[in-house]
Amino acid sequence: DTGVSQNPRHKITKRGQNVTFRCDPISEHNRLYWYRQTLGQGPEFLTYFQNEAQLEKSRLLSDRFSAERPKGSFSTLEIQRTEQGDSAMYLCASSLSGVTGELFFGEGSRLTVL
Amino acid sequence: DQQVKQNSPSLSVQEGRISILNCDYTNSMFDYFLWYKKYPAEGPTFLISISSIKDKNEDGRFTVFLNKSAKHLSLHIVPSQPGDSAVYFCAASLALTGNQFYFGTGTSLTVIP
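Read on for a plain summary of the structure. Note that the structure is predicted; figures quoted are calculated from it, not measured. (Residues numbered from 1 in each chain as written. Chains lettered and ligands numbered in written order. Predicted model: local features only at pLDDT ≥ 70, side-chain atom pairs only at ≥ 80, totals over all residues. Heavy atoms only, no water.)

Things to note about a nonpolar patch on the surface
- Where nonpolar side chains cluster on the molecular surface, the patch consists of Ile18(B), Ile20(B) and Val78(B) and spans about 220 Å² of accessible area.
- For Ile18(B), the position within the fold is in the loop between β2 (10-14) and β3 (19-25). (Patch = residues over 30% accessible without salt bridge, like charges linked within 9 Å, V, L, I, M, F, W, Y side chains within 5 Å. Areas by Shrake-Rupley, 256 points an atom, 1.4 Å probe, with all protein chains shown as cover. Salt bridge = Lys/Arg side-chain N within 4 Å of Asp/Glu carboxyl O. Helix = DSSP H or I, 4+ residues; strand = E, 2+ residues; numbered from the N terminus.)

Structure representation (structure tokens):
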């Protein structure tokens with residue numbers, strides 16, 4: 001399967017703990033996005049990479065959130081000192097720059113903060 | 001501030017009939033629009049898109065209509081099939097190859113056999 005892969009699929013943690021999610025995009029895609037989706041809402045943009053450069057960050061991305069894409073391939077999203085309000089589905093998507101069209105989404109990583 | 005709005009959280013349609021899903025946006029600078037379909041426990045998958053230079057785009061059973069003056073787009077599915085039952089999100093971008101997509105809150109479509 002050459003789609004976007006995310007893991008873990010589900011993470012349950014206690015408030016105050018750190019969590020890290022990983023995203024492996026489609027191999028030839030140079031753009032990678034992180035979105036967050038809460039119940040009853042659509043995906044909300046968090047951040048975007050072109051190759052290894054993080055080019056855009058939403059104001060939703062507080063200082064407790066950090067994302068990296070060290071070699072322009074996979075990406076990690078770390079949330080430090082988790083809060084209950086961080087409970088959500090974290091979606092990763094990838095695309096190819098210069099090509100109009102869609103984002104290819106992974107299945108998401110669901111975070112539950114107790 | 002929700003720049004893309006889907007005011008109908010749910011829609012039920014008989015199999016074989018037309019499904020019409022609506023979406024409104026507030027930012028007149030949006031120039032590229034997409035529809036995504038999402039099944040439970042899966043990520044959204046791309047369905048169809050339209051550029052602001054067009055007012056209609058068709059792909060098989062799916063047609064998207066864009067009314068720029070009304071800042072409104074709609075997705076028509078005809079004929080509707082039970083496998084079309086899913087949550088549909090519309091999304092908008094500020095440029096044809098834009099970096100950020102703004103999503104609506106989704107409409108849950110149920111096609112009744």
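More follows now that the structure is in view.
Comments concerning the interface of chain A and chain B
- Between chain A and chain B, the contact holds 22 residues from the first and 20 residues from the second.
- Taken over both partners, the interface formed by chain A and chain B buries close to 1,700 Å², and the fraction arising from carbon and sulfur atoms is 56%.
- The interface formed by chain A and chain B contains 5 residue pairs in polar contact (both at pLDDT 80 or more).
- Sorting the residues of the side of chain A that touches chain B by element identifies β4 (31-37) and β5 (44-50) of chain A as the ones contributing at least two each.
- A total of 4 residues in the side of chain A that touches chain B trace back to one element, the largest contributor, which is β4(A).
- Across the side of chain A that touches chain B, the residue classes break down as 9 nonpolar, 8 polar and 5 charged. (Contact = heavy atoms within 4.5 Å. Buried area = accessible area lost by both parts, 1.4 Å probe. Polar contact = N/O pair within 3.5 Å; in protein donor to acceptor, adjacent residues only side chain to side chain. Nonpolar A, V, L, I, M, F, W, Y, C, P; charged D, E, K, R; others polar.)

Here we look at the side chain of Gln6(B)
All names here are of chain B.
- Following the sequence through the fold, Gln6 ends up in the loop between β1 (4-5) and β2.
- Within the structure, Gln6 has its side chain in polar contact with the backbone oxygen of Tyr88 (distance 2.9 Å).
- With near-sequence residues (within four places) excluded, Gln6 lies in contact with Asn22, Cys23, Trp35, Tyr88, Phe89, Cys90, Gly104, Thr105, Gly106 and Thr107.

Digging into unusual backbone geometry
- With an omega of -5 degrees, the peptide bond running from Asn7(A) to Pro8(A) counts as cis.
- Tracing the chain through its elements places Pro8(A) in the loop between β1 (5-7) and β2 (10-13).
- Positioned with a positive phi, Arg81(A) is a non-glycine residue whose angle comes to about 45 degrees.
- The topology assignment puts Arg81(A) in the loop between β8 (75-79) and β9 (88-95).
- Residue Arg81(A) is classed as partly exposed on the basis of its relative accessible area of 46%.
- Here the phi dihedral of Lys71(B) falls at roughly 50 degrees; this positive angle occurs in a residue that is not glycine.
- Looking at the secondary structure, you find Lys71(B) in the loop between β7 (62-67) and β8 (72-77).
- Taking the relative accessible area as the measure of exposure, Lys71(B) reaches 27% and is therefore partly exposed. (Buried < 20%, exposed > 50% of the residue type's maximum accessible area, 1.4 Å probe, protein only.)

A word on the sheet that holds β8(B)
Residues and elements named next belong to chain B.
- Strand order in this open sheet of 5 strands is β1-β3-β8-β7-β6, and the pairing throughout is antiparallel. Strands with a single pairing partner mark the edges of an open sheet, and in this sheet they are β1 and β6 (56-59).
- Sheet topology note: the β7/β8 ladder contains 6 bridges and is antiparallel. If you follow Phe65 over to β8, its bridge partner there is Ser74. (Pairing = 2+ DSSP bridges.)

Observations regarding the packing of aromatic side chains
- By the definition in use, this model includes 14 aromatic pairs over all chains.
- Between Tyr35(A) and Phe45(A), the aromatic rings sit 5.8 Å apart at their centres with planes inclined by 75 degrees, giving edge-to-face as the arrangement. Placement of Tyr35(A) in strand β4 and of Phe45(A) in strand β5 is noted, with a sequence separation of 10 residues between them.
- The class for Phe45(A) is buried, based on a relative accessible area of 4%.
- Ring geometry for Phe30(B) versus Tyr102(B): centroids 5.3 Å apart, planes at 45 degrees, classification tilted. Taken together, the residues span a long stretch of sequence, with Phe30(B) in the loop between β3 and β4 (32-38) and Tyr102(B) in strand β10 (residues 101-103) at a distance of 72 residues.
- Here the aromatic residues Tyr33(A), Tyr35(A), Phe45(A), Tyr48(A), Phe105(A), Tyr36(B), Phe46(B) and Phe103(B) are joined through ring pairs into a cluster of three or more.
- The lysine or arginine in question, Arg22(A), covers the ring of Phe74(A), its NZ or CZ lying 3.9 Å from the ring centre. (Phe/Tyr/Trp six-rings, centres within 6.5 Å; stacked < 30°, edge-to-face > 60°. Lys NZ or Arg CZ within 6 Å of the ring centre and 35° of its normal.)

What is shown is where atoms sit, not what they do.
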